[in-house]
Amino acid sequence: MSTSRSKRNKIAHVRNGHINKQIGRCTQLKYDAAKAANAREWARAIELLEAVLEQHPDDVEAQEILARVYHHSGQIDNAKSVLKALLDIHPELTASLARLAQILAAEGQFEAALPFAERALAIHHDFPEALSIKAHILHALGRFTDTLKITKELIQLQPDNYVHWNNAGNFLRDLGKFDEAEKHYQRAISLTNEDTRPFSNLLTTKHYRPDASENEIYDFCLEWEKRFSPKKPTPRPSPENKKACRKLYIGLISDGFRNHPVGRMIIAALEKLPKHAYQFYAYSTNNISDDITRRFKKICNWQTISHFNDHELAEKIRGDRIDILIDLAGYHNNSRMLTMAKQPAPLLVKWVGGLINTTGLSTIDYLITDHIESPTGDDRYYTEKLIRMPDDYICYEPPGYIAPLSKPPALENGYITLGCFNNPCKINEPLLKEWALLMQQLPDSRLFLKGKQYSSEELCDNIRNVLNEKGIESYRIIFEGLSPHAHVFRAYNHVDIALDPWPYSGGLTTCEAFMMGVPVVTMSGPTFAGRHSATHLVNAGMPELVTHSWEEYRSRVLELASDLDSLAIIRSHLRTVLLQSPVCDADAFASHLNNALRAIWQRYCEGKQPEALSFNGQGQVTFADSPVPVTLQHTQADVDKADEDSPFRWEFEGKVVAINLGSQLMNAPIIKQMLDLGTLELIDFDPSCIFLNHPLRHHNSVHYYPNMALGNGHSATLYACQAEEQSGVLKPAPHDLMPQRLQQDLKVLAELKIGTVSLDLTKNIPTVNWLIIDGNVDAEEILNNSLKVLKDVLILQVSINFLRTHKSQPKFERISEIAQEAGLFFYNFFDYKHLNNEKQNSEPNESQLISASAIFLRRNKSESSSNIMKQAFLINNFYKNTQLTYNILMDGLNKKLANKYIRFINGDTHHSKTKFRKELKEKISLHEKEVFIYECTPL
């Protein structure tokens, strides 16, 4: 027994020694991993932690460290996966709970993040990390009273932590408490010499203050560089290839590659830039993703850089060999001005995002603006050279969920409702007093204020008190807090006139008000930040809404309010005015931006220093040091091998707009497919109500008009015949020489009065690409009343009867003459109908031919590439004519594209399968247009 016990003790001793060695080794590995993580050696840290977890998969500490490493190295999905698995087993881990809350909040999932922060605090009520992230979440959710309470608690817990003082400054600024905010920023600045955020926030806050002068703000902007720029900046990279006409690599840094003012104001234009001329790199400072994010990802090399410090980001940009780096953040959220100060690219440019003034950085070469934002003579207030765009400095694209227009609410209310939906921190006491004077002159008027911060009763009370002192009763002030963006548009239906704030103007808000038909009255402020509305209004063709004194401001509002009939007319037209203006003209803006980027690059290649750039009256680029316009060297569109091997794609702008009279178009499979994919807008006139119960008539993109035909705009008679296909507005004319069966088909069962539509007299008709006139109608009369519409039609299809069956049947010769005068030329016949009525095909057969559809095509080489693609698409997919499709592509576009098409038809590339199909590959939504890209792939 003693021997056996001795052996067991020996074995236990050996085993324990081995375990102790393992534990010691794992402890050392975890220590080394933490050390590697602190040195930002992420791959090394992960390798060490995985070694620990391979030995001890339940090691909680190793898993927590691994989650932290994943988080800080930008591997967000991995971090969430580790944390969720860990918390399922150990729900009491406060650090992990706080980290998961932080990750979800960074993705914009505030409602989902809050419970994790609260669970951490329920376990450890004064845990600083959990308190801090909870304050951030509550601020995002509009719970300002709770936010400030938590922040004050954090300052008491950690009075020397500058982060809490800085955050408190942000929360106070958002409530309009500028003096208190600045004191907190100053305290934060005194506690850190490295973090630029407190000073950047203080700089931004200066622009909201009505008592700050332009000179004072400019001097403060210069102070940032003195404090934070590297004492010995790294030399800029110098590319080996300095050819002016080569493809350029453009870097974009932003927090706003999403449904955000930055995203809304640049995406449409970037999509329009020539793809062969630029390669974009998007450096996103957050992990939020939505529909606009996905559009950026399609045109950019995408990189989330929230886990990069400024040095690492600068090195990343150098490694990507960026030619022109564009900052789209400024000193706002997730600012990367320290990266810009490190000069990681040959040319540095500032545009949009946080563009409220000069950056004050001598390292930034250019700033994109316009003549309204930066008036002539204001160059002295910028350290950058100004690129003055010929129109607006942005290109706005509204979202797809905009509410329908309504009448001015004053017509029903009996009083004027003034509104301001701008960030509430733009509302200050001097501004409120001016608004009070205005409301005194509009008896019983209301002031509707909407914004996240109005969930704070303290803020609302402060505003009420200021207005009450000026005689404005509280019941006349309406507050509305946080809501989804779509609700903001609907809220404009309760506003008659929008009031722009001062000295910090609205930007995106002004465009949104216009989209809802609400005129915006502004007074230009002293800085770039104060002129956003002014440039949008002037470029939208409404300069009279821009004022230069409070007296003029009030006068303009009173003029609008005094004539409700005129206000109603303005309201009904403002959306169209905006959409048709340079503010939303992506094509024009992209053209100007393309020229500006090529010009500054060309100047760089010539070894010249940056200089102010503008456009002359002919749209040519000029630099301030020379009156001679620049002869630009553009990149040639060379198709590389990868493009040649890629699948053939149908690519065109906008929907195909088709008008269909009486044909069987709704039964064609391609029509349903196009409607479902959103590539077709169908206007269907059905005089005989054949399709009254057809499932497609209720489709969003089908405009169905029963008991209506095309014609001269007067009433007509519908002759309902025994055979449905013989019914029409032409009177049947049976005769004895006809086959008995046909005579029976032409027997009139009823005569009904119907209306007709003259296309040329129809208002707001879209550009028609495809016009189909079928059935027994007077096609000559229809075409003579559609001459304006006809000039844009790409394909005209008209049914021609070869056997005399109706009175006044259209004659092919006359139809052909009218079509030719409109630039449409006969190509061939389609959809033959024979006497036996048993078969309909694309070729004649042995039975007697009754009718066929004549096809007329527009063959104009100067036609846009988009229209050529539309025409080719229809010829291929509806008319099934591959040879004609090939000819259209060859003549109208280019040989390579035509050959690529025919290769796919013949199925002789490595993409070949066994059967031809069409599928939607990509859909890019624009404001009132869409780009549709199809991929044709043999199965």
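Cut-offs and rules
- Residues numbered from 1 in each chain as written.
- Predicted model: local features only at pLDDT ≥ 70, side-chain atom pairs only at ≥ 80, totals over all residues.
- Heavy atoms only, no water.
- Salt bridge = Lys/Arg side-chain N within 4 Å of Asp/Glu carboxyl O.
- Helix = DSSP H or I, 4+ residues; strand = E, 2+ residues; numbered from the N terminus.
- Buried < 20%, exposed > 50% of the residue type's maximum accessible area, 1.4 Å probe, protein only.
- Pairing = 2+ DSSP bridges.
- Axes fitted to C-alpha atoms, helices over the stretch in contact; angles between N-to-C directions.
- Parallel < 35°, antiparallel > 145°, perpendicular 65-115°, else oblique.
- Left-handed = near helix turned anticlockwise from the far one by under 90°.
- Contact = heavy atoms within 4.5 Å.
- Nonpolar A, V, L, I, M, F, W, Y, C, P; charged D, E, K, R; others polar.
- Polar contact = N/O pair within 3.5 Å; in protein donor to acceptor, adjacent residues only side chain to side chain.
- Right-handed = clockwise from strand over helix to strand, strands pointing away.
- Expected span 1.5 Å × (residues − 1).
- Arc of directions from axis to C-beta.
- Patch = residues over 30% accessible without salt bridge, like charges linked within 9 Å, V, L, I, M, F, W, Y side chains within 5 Å.
- Areas by Shrake-Rupley, 256 points an atom, 1.4 Å probe, with all protein chains shown as cover.
- Lys, Arg positive; Asp, Glu negative; His and termini not counted.
- Charge placed at Lys NZ, Arg CZ, Asp CG, Glu CD.
- Core = buried A, V, L, I, M, F, W, Y, C linked by side-chain atoms within 4.5 Å.
- pLDDT = per-residue confidence, 0-100.
- Phe/Tyr/Trp six-rings, centres within 6.5 Å; stacked < 30°, edge-to-face > 60°.

**Things to note about the pattern of salt bridges**
In total, this model carries 45 salt bridges according to the counting rule given. Residues Glu 559 and Arg 556 are paired through a salt bridge, measuring 3.2 Å at the closest nitrogen-oxygen approach. With a gap of three residues between them, Glu 559 and Arg 556 both fall in helix α23 (residues 550-561), about one helical turn apart. Assessed through its relative accessible area of 15%, Arg 556 is described here as buried. The salt bridge involving Arg 814 is made with Glu 780; its shortest N-O contact spans 3.2 Å. Pair noted here: Arg 814 is in helix α31 (residues 812-821) and Glu 780 is in helix α29 (residues 779-784), with a separation of 34 residues, a long-range link.

**What about the pairing of strand β4 (residues 324-327)?**
Each regular strand displays side chains that alternate between the two surfaces of the sheet. Burial of the side chains of β4 extends over both faces: Ile 324 and Ile 326 are buried on one face and Leu 325 and Asp 327 on the other. Relative to β4, strand β1 (residues 248-254) is paired through four bridges, and the arrangement is parallel. By the bridge assignment, Ile 250 is partnered in β4 with Ile 324.

**Some remarks on the packing of helix α3 (residues 60-72) against helix α5 (residues 94-106)**
Remark: α3 packs on α5, axes separated minimally by 11 Å, with the N-to-C direction vectors making an angle of 20°. Comparing the axis directions of α3 and α5 gives the class roughly parallel. Here α3 runs over α5; the crossing is left-handed. Between α3, through Glu 64, Ala 67, Arg 68, His 71 and His 72, and α5, the contact on the second element is made entirely by Ala 95, Ser 96, Arg 99, Gln 102 and Ile 103. Taken together, the residues of the contact of α3 with α5 sort by class into three nonpolar, four polar and three charged.

**Digging into the side chain of Asn 493**
Positionally, Asn 493 belongs in the loop between α20 (485-491) and β11 (497-499). One polar contact links Asn 493 to Ser 406, side chain to side chain, over a distance of 2.9 Å. The contact partners of Asn 493, leaving out residues within four places of it in the chain, are Ala 403, Pro 404, Leu 405, Ser 406, Pro 409, Met 516 and Arg 571.

**What to know about the packing of helix α6 (residues 110-123) against helix α7 (residues 128-140)**
In a pair of packed helices, the angle between the axes and the distance between the axes together describe the arrangement. Where α6 contacts α7, the axes come no closer than 9 Å and their chain directions differ by 150°. Comparing the axis directions of α6 and α7 gives the class roughly antiparallel. Here α6 runs over α7; the crossing is left-handed. For the pair formed by α6 and α7, the contact residues are Phe 110, Ala 113, Leu 114, Ala 117, Glu 118, Ala 120 and Leu 121 on the first element and Ala 130, Leu 131, Ile 133, Lys 134, His 136, Ile 137, Leu 138 and Ala 140 on the second. Of the residues belonging to the contact of α6 with α7, the class tally is 12 nonpolar, one polar and two charged.

**Concerning the pairing of strand β8 (residues 417-420)**
Residues Thr 417 and Gly 419 line one face of β8 and the alternating positions Leu 418 and Cys 420 line the opposite face, and both faces are buried. When β8 meets strand β9 (residues 446-450), the two strands line up parallel, connected through four bridges. The residue of β9 that forms the bridge with Leu 418 is Leu 447. In the classification by handedness, the crossover that spans β8, the intervening helix α18 (residues 429-440) and the parallel β9 is right-handed. With two bridges connecting them, β8 and β11 associate as parallel partners. Across the sheet, residue Gly 419 finds its bridge partner in β11, namely Ala 498.

**Thoughts on unusual backbone geometry**
A cis geometry characterises the amide bond from Trp 502 onward to Pro 503, with omega recorded as 10°. Along the chain, Pro 503 falls in the loop between β11 and α21 (508-515). In this structure, Cys 689 is a non-glycine residue whose phi angle is positive, near 60°. Although it is not a glycine, Lys 880 sits at a positive phi angle of roughly 60°. Following the sequence through the fold, Lys 880 ends up in the loop between α32 (865-877) and α33 (882-892).

**Section: helix α4 (residues 76-89)**
Its 14 residues give α4 an end-to-end C-alpha distance of 20 Å, which sits within 8% of 20 Å, the value for a rise of 1.5 Å per residue. Turning to α4, its buried residues number three or more, namely Ile 76, Ala 79, Lys 80, Val 82, Leu 83, Leu 86 and Leu 87. All buried residues of α4 project into a common sector of 165° when viewed along the axis, lining one side. The outward face of α4, more than 90 degrees from its buried face, is lined by the exposed residues Asp 77, Asp 88 and Ile 89.

**Things to note about the sheet that holds strand β20 (residues 708-710)**
Sheets are built from strands paired through backbone hydrogen bonds, the pairs being either parallel or antiparallel. Here three strands make up an open sheet; going across it, the order is β20-β22-β21 and the pairing mixed. On the outer flanks of this sheet lie β20 and β21 (716-721), each paired with one strand and no other. Each adjacent strand pair in this sheet contributes to an overall mean axis angle of 50°, direction not counted. As judged from the six bridges shared by β21 and strand β22 (residues 748-757), these two strands associate in the antiparallel manner. Within β22, the residue paired with Cys 721 across the bridge is Val 748.

**Quick notes on a positive patch on the surface**
A cluster of like positive charges, contributed by Lys 731, Arg 804, Lys 807 and Lys 811, occupies part of the molecular surface. When you line up the elements, Arg 804 lands in the loop between β24 (795-801) and α31.

**A closer look at the side chain of Asn 201**
Mapped onto the fold, Asn 201 is located in helix α11 (residues 197-206). Setting aside chain neighbours within four positions, we find Asn 201 in contact with Asn 166, Asn 170, Arg 173 and Tyr 185.

**A short note on the nonpolar core**
Leu 270, Ile 324, Trp 351, Tyr 396, Leu 418, Trp 435 and Ile 600 are the most contacted members of the largest nonpolar core, which totals 202 residues. No other element matches helix α25 (residues 586-605), which puts 11 residues into this core. When neighbours within four sequence positions are excluded, Ile 324 is seen to be in contact with Leu 248, Tyr 249, Ile 250, Gly 251, Leu 347, Val 349, Leu 597, Ile 600 and Trp 601. Listed in part, the 40 residues of the second largest apolar core include Ile 671, Leu 680, Trp 770 and Ile 855.

**Brief notes about the sheet that holds strand β13 (residues 546-547)**
Spatially, the six strands line up as an open sheet ordered β10-β9-β8-β11-β12-β13, and their pairing is parallel. The two strands at the open ends of the sheet, each matched to only one other strand, are β10 (477-480) and β13. As defined by bridge partners, β11 adjoins strand β12 (residues 520-523) across two bridges and the pair is classed as parallel. When the bridges of β12 are listed, Ala 498 appears paired with Val 520.

**Observations concerning the environment of Arg 476**
Looking at where Arg 476 falls in the secondary structure, it is placed in the loop between α19 (457-469) and β10. On a C-alpha basis, the gap between Arg 476 and Asp 444 in space is 7.2 Å, while along the polypeptide they are 32 residues apart. Aside from chain neighbours lying at most four places away, what touches Arg 476 is Met 439, Leu 442, Pro 443, Asp 444, Ser 445, Arg 446 and Leu 447. Separated by 2.8 Å, the side chain of Arg 476 and the backbone oxygen of Ser 445 make a polar contact.

**Description of the confidence of the model for the chain**
Here the chain shows a mean pLDDT of 87. Residues at 70 or above account for 90%. Overall, residues 10-21 carries pLDDT values under 50, and its contacts beyond four positions in sequence, including any with other chains, amount to zero contacts. Note that residues 638-643 has pLDDT below 50 and, in this model, three contacts with residues that lie over four places away or in other chains.

**Concerning the packing of aromatic side chains**
Evaluated as defined, the whole model comprises 29 aromatic pairs. The interplanar angle of 75° and the centroid separation of 5.9 Å between the aromatic rings of Trp 502 and Trp 550 together place this pair among those described as edge-to-face. Linking Trp 502 in the loop between β11 and α21 with Trp 550 in helix α23, this pair joins segments that are 48 residues apart in sequence. We classify Trp 502 as buried; its relative accessible area is 18%. On the basis of relative accessibility, which here comes to 14%, the residue Trp 550 falls in the buried class. Between the aromatic rings of Trp 770 and Tyr 879, the centroid separation amounts to 6.2 Å while the plane-to-plane angle is 70°, which identifies the pairing as edge-to-face. Placement of Trp 770 in strand β23 (residues 770-773) and of Tyr 879 in the loop between α32 and α33 is noted, with a sequence separation of 109 residues between them. Residue Trp 770 is classed as buried on the basis of its relative accessible area of 0%.

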